[in-house]
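The primary structure of each chain is shown beneath.
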Amino acid sequence: MFTNHKRQAERTGRSGTPRAQYLQELVSEFQKATNEESKERIVANLANFAYDPYNYEFLRQVRYQHIYLSWYLILSLMSIHLWKQLNVLELFLDCITEPNEKLVEFGIGGICNSSVDPANAALIIQCDGVPLVIQCLSSPVRNTVSYALGALYYLCDHSSKKEILKPEVLEIIRRYAAAGSINLTLSNLANAFLQKHVNQ
């Protein structure tokens, strides 16, 4: 069920935590987490918030600290850490680069859920998220592939079409479209993508 300001005020009450603050607390908890299970749980929770349009703006605003090391610093063997402020959408993209398949699944789930919003989609494209989403098409995890197909459906626009509609990407999507007897969900998602962006 989608939230609005009135419903959120009723659910939060006078002493409750405002949504932006709650999401910031989740992000801070993610940063402090030392084990993979905690990180998985937090990213799954954030991905669940990403489906609700009420939260779209918060996902762009809430920040987390990310260690950023330039190649120059690494090659110089200097132990200088530069911190970069990233939003939750960028946290989802970072999760896609992790070796942990659950973090990848929940990260791409958050991207899929939030890319319905054009402002979020534009930010994901701007942050070079399209190649990360495309690589998820090759995942052994079905949910990851489903989320990737859903995300590409919304991310494919005039600024990203050239990258998404490459022959090698379309070949993968067409294989999923033709595999209805193996996985109807993936086939339906792939066919929806092709109908909207290729077979117009």
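Look up a bit, the structure's there.
To start, this report covers the structure provided alongside it. Everything numeric in this text was worked out from a predicted model, so none of it was measured. (Residues numbered from 1 in each chain as written. Predicted model: local features only at pLDDT ≥ 70, side-chain atom pairs only at ≥ 80, totals over all residues. Heavy atoms only, no water.)

1. Structural notes on the packing of helix α12 (residues 167-178) against helix α13 (residues 184-197)
At their nearest, the axes of α12 and α13 sit 7 Å apart, and the two run at 130° to each other. When the axes of α12 and α13 are compared, the pair comes out oblique. Where α12 crosses over α13, the handedness of that crossing is left-handed. Counted together, L170, I173, R174, Y176 and A177 of α12 and L186, S187, A190, N191, F193 and L194 of α13 form the full contact between these two elements. By residue class, the composition of the contact of α12 with α13 is 8 nonpolar, 2 polar and 1 charged. (Axes fitted to C-alpha atoms, helices over the stretch in contact; angles between N-to-C directions. Helix = DSSP H or I, 4+ residues; strand = E, 2+ residues; numbered from the N terminus. Parallel < 35°, antiparallel > 145°, perpendicular 65-115°, else oblique. Left-handed = near helix turned anticlockwise from the far one by under 90°. Contact = heavy atoms within 4.5 Å. Nonpolar A, V, L, I, M, F, W, Y, C, P; charged D, E, K, R; others polar.)

2. Some points on the environment of A20
Within the element layout of this structure, A20 appears in helix α2 (residues 19-32). C-alpha separation for the pair A20 and L59, spaced 39 residues apart in sequence, amounts to 8.5 Å. Once residues within four sequence positions are removed from consideration, A20 is found in contact with F58 and V62.

3. Re α13
Helical geometry note: an α-helix holds 3.6 residues per turn, so side chains three or four residues apart project in the same direction. With 14 residues, α13 extends 20 Å from end C-alpha to end C-alpha; this agrees with the ideal 20 Å at 1.5 Å per step. The complete set of buried residues in α13 reads L186, S187, A190, F193, L194 and H197. Down the axis of α13, the buried side of the element spans an arc of 130°, and every buried residue falls inside it. Away from its buried face, by an angle of more than 90 degrees, α13 presents the exposed residues L184 and Q195. For α13, the N-terminal cap is N183; the gap from its side-chain oxygen to the backbone nitrogen of T185 is 3.1 Å. (Expected span 1.5 Å × (residues − 1). Buried < 20%, exposed > 50% of the residue type's maximum accessible area, 1.4 Å probe, protein only. Arc of directions from axis to C-beta. Polar contact = N/O pair within 3.5 Å; in protein donor to acceptor, adjacent residues only side chain to side chain.)

4. Some thoughts on the packing of aromatic side chains
Working definition: an aromatic ring pair is given by the centre-to-centre distance plus the angle between the planes. Per the stated rule, a full pass over the model turns up 3 aromatic pairs. Aromatic pair Y153 and Y154: ring centres 5.0 Å apart, planes at 80°, arrangement edge-to-face. Here the guanidinium or amino end of K39 rests over the ring plane of F30, the centre of that ring lying 5.7 Å away. (Phe/Tyr/Trp six-rings, centres within 6.5 Å; stacked < 30°, edge-to-face > 60°. Lys NZ or Arg CZ within 6 Å of the ring centre and 35° of its normal.)

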